[in-house]
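# Structural overview
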Amino acid sequence: MTIAIIHHEDCVLHDAGEMHPEQPARVEVIQAALERYEFDAPAKFYPAPLATREQLISVHDETYVDWIFSVAPKHDCIAIDADTWMNPYSLKAALRAAGSVPFAVDLVVKGDAQVAFCNVRPPGHHAERDKAMGFCFFNNVAIGVRHAMLQHGFRRIAVIDFDVHHGNGTQNIFQNDTGVLYCSSFEHPFYPGYEPEMDNEHILSVPLEAGTKGELFRDKIQSVWFDRIAAFQPEFIFFSAGFDAHAEDPLADLGLTETDYVWLTTQIAKIAKVHCDGRMVSVLEGGYNLSVLAQCVPAHVNAMIVK
Ligand SMILES: [Zn+2]
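Below or above, wherever it landed, is the structure these notes cover. (Residues numbered from 1 in each chain as written. Predicted model: local features only at pLDDT ≥ 70, side-chain atom pairs only at ≥ 80, totals over all residues.)

## Some details on the sheet that holds strand β5 (residues 115-118)
Sheet architecture is open: 8 strands sit in the order β2-β1-β5-β10-β9-β6-β7-β8, paired in parallel fashion. Of all the strands in the sheet, the pair left with one neighbour each is β2 (43-47) and β8 (203-208). Strand-to-strand, the axes of this sheet are offset by a mean angle of 15°, without reference to chain direction. Note: β5 against strand β10 (residues 280-284), 4 bridges, orientation parallel. Within β10, the residue paired with Phe-117 across the bridge is Ser-282. (Pairing = 2+ DSSP bridges. Helix = DSSP H or I, 4+ residues; strand = E, 2+ residues; numbered from the N terminus. Axes fitted to C-alpha atoms, helices over the stretch in contact; angles between N-to-C directions.)

Written out as structure tokens, the structure is:
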């Protein structure tokens, strides 16, 4: 039983300036914390490969992928939207982030690891089929999900997205794909906006009012998700792991703590043990308090281990 941790130094070079909350230091702090953490199973560290064009266009429009490559700057920092910036290293970082997830899936399917965590940036869950937004260019988790389906033949995959922002990109990509059960909890009303009428039998949203703390979070998650996930009988489970619903995160107003992340991860790991031999891949999304990241990410990764 091994944990794979995937990262690449290129992910540190993507930098939208010191005022931007999605800082390079996020993954540096996380990597250092993961390297010194005493996990309940051996951890093995891998460099993230670049995503292939085939992987990118498995979830994004070809014209959109071509456009991102064409606008990627050689010298300056350019704005894709008000929040989403590219410097000369951003495209490569985005390709490492997108490439890390199919690589993690392969490690888990081959049995080289039981679970994997991708410590990568830029994040991905706001990236839609044909749109970069919210710090995201390519939808890293969606690319991994599609890879698990196309390359390994999995037909039922659950995505657990506990980032404080609604994963509009992931929902956009899998809106009509009944093979993906998309479970998302998020602050509402909040960026990027959430449309309840878009939910369906395989899109399970848990909108949470500002100020919601762990106890109510757990009640809602338990009542909306767990029976439905078990009934879906997932063959693989992904986490979109954002830590910005933490009480000490500067961008949002929920009140989660480390114990809530460990609780959720443990509950999902139990479902994974029953239905998919514990196969799970987790991918970093948001989370902007560095000490929270250093504390909560290793605890989340350790809780994925099915004991
Ligand atoms: Zn977020």
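Let us keep going from here.
## Quick look at the nonpolar core
Grouped together as the largest cluster of nonpolar side chains are 95 residues, with contacts concentrated most on Ala-104, Ala-116, Cys-118, Val-159 and Val-283. Per-element accounting of this core gives the leading share, 12 residues, to helix α5 (residues 90-110). In this view, Cys-118 contacts Ile-6, Ala-48, Ser-100, Val-101, Ala-104, Val-283 and Leu-284; residues no more than four positions away in its chain are not counted. (Core = buried A, V, L, I, M, F, W, Y, C linked by C-beta atoms within 7 Å. Buried ≥ 20, exposed ≤ 12 C-beta atoms within 10 Å, placed from the backbone. Contact = placed C-beta atoms within 7 Å.)

## Let's talk about the environment of Val-281
Of note, Val-281 is situated in strand β10. The buried category is assigned to Val-281, around which 29 C-beta atoms lie within 10 Å. Excluding anything up to four places from it in sequence, Val-281 contacts Val-101, Ala-104, Val-105, Val-108, Ala-116, Gly-144 and Phe-238.

## What to know about helix α9 (residues 258-276)
The periodicity of an α-helix, 3.6 residues per turn, causes residues three or four places apart in sequence to face the same way. Compared with an ideal rise of 1.5 Å per residue, which puts 19 residues at 27 Å, α9 spans 26 Å between its outermost C-alpha atoms and is within 8% of the ideal. All of the buried residues along α9 are Asp-260, Tyr-261, Leu-264, Thr-265, Ile-268, Ile-271 and Ala-272. Down the axis of α9, the buried side of the element spans an arc of 120°, and every buried residue falls inside it. Exposed residues lying more than 90 degrees from the buried face of α9 are Thr-259 and Val-274. Considering only its buried residues, α9 is in contact with β6 (157-161), α8 (214-232), β9 (236-241), β10 and α10 (290-303). (Expected span 1.5 Å × (residues − 1). Arc of directions from axis to C-beta.)

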